[in-house]
Amino acid sequence: MAEEQSHLTVRESEGVKIVEFADRKILDELCIAEIREELSALVDNTPGVKLLLCFEQVEHLSSAALGVLINLHKQVEGQKGQLKLSNITPQIFEVFKITRLNKLFDIHDAEVGAIASF
């Protein structure tokens, strides 16, 4: 049986879990469901998590993926953790502005600044 490939890479720096997306396009429902499961498990297993989602590789994001981010935000807050986003392309950031999600999320231009802000 083939090993399931993760859509995420997780590493840690200065006590912050940094999640990078492997896919350039986060559009497929199955892919989004798998990402939701991976992120949810990460938060559940780390109470008080400091979580940084780095969107450097991502070029396209579906509305369903935005829904996952909103639910993740609630889940992290419920665990008394912090969630921040970084390296969002101008094209995707425009979607965050239109949907006013830039007001909900703590968004940083670069990973270094985001880590320092925790």
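Residues numbered from 1 in each chain as written. Predicted model: local features only at pLDDT ≥ 70, side-chain atom pairs only at ≥ 80, totals over all residues. Heavy atoms only, no water.

Some thoughts on the overall build of the chain
For the chain, the count of helices and strands is five helices and seven strands. Along the chain direction, N to C, the helices and strands of the chain fall in the order β-β-β-α-β-β-α-β-α-α-β-α. What you see for the chain is a C-alpha radius of gyration of 13 Å, in line with the 13 Å of a compact globule of 118 residues. The principal-axis extent of the C-alpha atoms belonging to the chain is close to 40 × 30 × 25 Å. Counting all 118 residues of the chain, 40% fall into the buried class. Of the contacts made within the chain by residues no fewer than 6 positions apart, 67% connect residues no fewer than 24 positions apart. Approximately 6800 Å² of the chain is accessible, and the part contributed by carbon and sulfur atoms is 49%. Here the chain contributes 12 positive and 19 negative side-chain charges, whose respective centroids are spaced 9 Å apart. (Helix = DSSP H or I, 4+ residues; strand = E, 2+ residues; numbered from the N terminus. Rg over C-alpha atoms; globule rule 2.2 N^0.38 Å. Buried < 20%, exposed > 50% of the residue type's maximum accessible area, 1.4 Å probe, protein only. Contact = heavy atoms within 4.5 Å. Areas by Shrake-Rupley, 256 points an atom, 1.4 Å probe, with all protein chains shown as cover. Lys, Arg positive; Asp, Glu negative; His and termini not counted. Charge placed at Lys NZ, Arg CZ, Asp CG, Glu CD.)

Quick look at the nonpolar core
Counting 29 residues, the largest nonpolar core has L51, L53, F55, L61 and F96 as its most contacted members. For this core, the elements supplying multiple residues, two or more each, are β2 (16–21), α1 (29–44), β4 (50–54), α2 (63–78), β6 (82–86) and α3 (90–98). If sequence neighbours within four positions are ignored, F96 has contacts with L61, L66, L69, L85, I88, L101, N102, F105 and I107. Core analysis: the second largest hydrophobic core is formed by five residues, V16, I18, A114 and I115 among them. (Core = buried A, V, L, I, M, F, W, Y, C linked by side-chain atoms within 4.5 Å.)

Some thoughts on the sheet that holds β6
Taken in spatial order, the five strands make up an open sheet running β1-β2-β4-β6-β7, and their pairing is mixed. Strand pairing shows two members of the sheet lacking a second neighbour, β1 (8–13) and β7 (106–108), which therefore form its edges. Across the sheet, the mean angle from the axis of one strand to that of its neighbour is 25°, orientation sign disregarded. Here four bridges tie β2 to β4, and the two strands are oriented parallel to one another. Across the sheet, residue K17 finds its bridge partner in β4, namely L51. Against the sheet, α2 contacts β4 and β6, and its axis sits at roughly 145° relative to β6. (Pairing = 2+ DSSP bridges. Axes fitted to C-alpha atoms, helices over the stretch in contact; angles between N-to-C directions.)

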